[in-house]
Amino acid sequence: LREGHTLCSDHATQYQGWIQEIMENWRDNGVLPEHLGVEVAWVDYVPYFEDCPQAVLLAVVAKVLRLLESIQHAEVTMRRYSAPFTFDLFLYYVIIKYWVMDLYRQAGGPGAQAWAGGWPLEELERGVWCGYARVWDSVWPKRDYCGCVEVYDQYVTMHTTFHTFIRPQDPYYASRLFAQGTLLHNYTRRVRDCDRWLHANPLRIFQVYAMGSGCLPQAVQENFLCTQQWLLAGELLAVVNNLELLVKLTTLSADCLESAEWPFTKEDVLYNYARAARLVSEIGEEEASPQQAQQLAWSLAPVRSAPRPLCSRAQCTADLGPACVHGGRMVSFSDTSYPRETPVLACSEMDRLMVPLNWRAEASTQSTFFAARANHGVAGLVVNVGVLDNIWHALHWIVPVVTRLHGVDGLRLGREEVEVVLFFQAYHLIPSVNMTWEEPEADPETPAPYDALTAADYGKWLEKYRPVLDLLSSAKPKLFQEVDVCYSRVLWGHDWMRADRKLVGRHVGPAQVAAFTAFLRSSAAFRSQSKGFWPDPGRRLLVITRRQGGGRAFANLSELLEGIRFEWPGVVTRVQEMGDLSLMSQMALMTTTDLVVAAVGAGLAWVVLLPPHGAAVELVPWETPKSLYACSGVWGGEPFSMFGGFSRLAGNRHVCHRMPERAAEVRYEAALWRKVDIRIDVGVVVRSLGEVMQETSFVSQL
């Protein structure tokens, strides 16, 4: 390459024949034949490495694709235990791929971006990722590796830790990691439990993650830290083992890393594994020198691309055309444009549950079935809702459902044109797994979400949320499990909304949140609720309180109010227990507020309705474990926390302060931090409010 030699030029005709043979079968059929000409580059690979390493890559990726296709047709148990045996081949492909990238980069030519050399390797590699996704989806169909619901606070705190001070994408990351005394160095040294992985069966570890984890990013983060800890210790084999595990875990759902912005990408995981594996091949089992170890500190892959979904898979929203809800199932027909074999997703902040469609193919069946149940001229909007009586959870469906009809690219259907169908089954809890038998365990004490919803509970739920649903439809909402009706058009679901990450592709972001607020303001029912909250002009400060005895009540509220009046006499202050207001009144109050002070809790979720110039000050008890709840005291310091994430989506400002004193000397357990009251540091809160009120952008909006 350095001498200007063109790779793959000596046998160009043969190579073009191999490419054509593979791509004609792959693009037309999505499968590869049993015997391929390129196999010679697999069997007798040495000369091809010298002339055309891309030919070897093509041979390897084709072999992996064929194996995955074969495994997909096996029985489920065989799929589970056979698929991991493809990993060695795939790891081999990864090592060669990044070796070729480095060759191009070192040659001073077109650089690492040219690693494929015009060969269709990237397209086929996407096929490998999707092949793994299909296998694992069929083995563990109820597991969403992007859900990240279990131990939510801990996961979000680790995400914030990566975002704030670990920062693996920082060009000075290596020097910070190896400099003794730095926060990053000390933190990495103290990570616990890394030694437990060293002597464990790697296949067993993978299976445990595959069956027991619902958060691939969390798995990457914790193994990332162990990898860097072993690097500081010079334990190169341990580094390679951890990185190899990361590559394998990524096959569970590469889309999870590609459909959101994380401090690492799928390519970063592969690249760092390939670098470490190559060094091991050079020095054997010797302990790495400090210089070699520092060279292996986490680095960004030489090829960077914008995150994007890898596979065409089930979506959170779908327009199913003429369809029916019958017997607790979706019934669709073959003349719809929606892909027949693709399920739909019920997306919530708790999970993404695959919902299969029941197809009716015969035209005669369709006309008879449809005519008996038709609700002509009306679209059915299936809404994924939850039973949890918590507004933070509820806003994850309220905002997306409203914007499905009235958002930036909403369908603009009037109230008379839509009927709402409530789908409570979206809040599916991931089953626990018996690690001895490696099978899901049914818990008879935990009924399914819909089964747990009694008539009385549903009545209370509907009384609370009916005003929001009435903004969308003039008809009474129907229950998915009980209704038997056909619609001229069924609109399935709503976009995903997540406070804990920046999503890529179709999702609820700042533009949709702004559209949601604008739609509320335009509603006559909403405007009628907006009057009377703020009789006096001035900057509007809302202090959200909690009932005494329930935990996180303010022990010295009067001191805070006195401090605000003294420091900012022009501020109009309102103290409010949000539970005393109706849902629409809570919404109306928050959209007319400039500043909020509140304890950590569901009431603070309304920060999503604060105007763009608004700001929220979140207070957490002194007793809150730092390892469980990120709270830095810096504006914008928690962009992925429960409430900092909502603030990010709304485009306003948020700061979290951990109070420096206990409210009372009581016996305390870390798990019960939500039960203790809060003693406010008045000076800290007043200073934070002052920082916002003196900003030009804030003053200009008043």
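Preceding this paragraph is the structure being described.
Read on for an overview of the structure. No experiment lies behind these values; they were computed from the predicted model shown. (Residues numbered from 1 in each chain as written. Predicted model: local features only at pLDDT ≥ 70, side-chain atom pairs only at ≥ 80, totals over all residues. Heavy atoms only, no water.)

What about the state of the cysteines?
Consideration 1: One pass over the structure, following the stated rule, counts seven disulfides.
Consideration 2: Covalent S-S linkage joins Cys316 and Cys347, the inter-sulfur distance amounting to 2.1 Å. Measuring handedness by torsion sign, the sulfur bridge of Cys316 and Cys347 sits at about -80 degrees and is left-handed. In this pair, Cys316 is assigned in the loop between helix H16 (290–295) and strand S2 (318–319) and Cys347 in strand S5 (residues 344–347), connecting sequence segments 31 residues apart.
Consideration 3: Residue Cys631 pairs covalently with Cys656 via a disulfide, S to S 2.1 Å. Residues Cys631 and Cys656 are joined through a disulfide that is left-handed, its torsion about the S-S bond being -100 degrees. On the criterion of sequence distance, the pair formed by Cys631 in the loop between strand S18 (615–620) and helix H24 (642–650) and Cys656 in strand S19 (residues 653–658) is long-range, its members being 25 residues apart. In this pair, the class of Cys631 matches that of Cys656, namely buried. (Disulfide = S-S within 2.5 Å. Helix = DSSP H or I, 4+ residues; strand = E, 2+ residues; numbered from the N terminus. Buried < 20%, exposed > 50% of the residue type's maximum accessible area, 1.4 Å probe, protein only.)

Quick look at the pattern of salt bridges
Opposite charge on two side chains permits pairing when their charged atoms draw close.
Consideration 1: For the structure shown, the criterion picks out 20 salt bridges.
Consideration 2: For Lys478, the salt bridge goes to Glu419, with nearest N and O atoms at 3.1 Å. One end of the pair, Lys478, is in strand S12 (residues 478–479); the other, Glu419, is in strand S9 (residues 418–423), with 59 residues separating them in the sequence.
Consideration 3: The partly exposed category is assigned to Lys478, whose relative accessible area is 26%.
Consideration 4: Residue classification places Glu419 among the buried residues on the basis of a relative accessible area of 7%.
Consideration 5: With its nearest N and O atoms 3.0 Å apart, the salt bridge here joins Asp580 to Arg547. Of this pair, Asp580 sits in the loop between strand S16 (571–576) and helix H23 (583–591) while Arg547 sits in the loop between strand S15 (539–544) and helix H22 (557–567), placing them 33 residues apart in sequence.
Consideration 6: On the basis of relative accessible area, Arg547 is assigned to the exposed category, the value being 52%. (Salt bridge = Lys/Arg side-chain N within 4 Å of Asp/Glu carboxyl O.)

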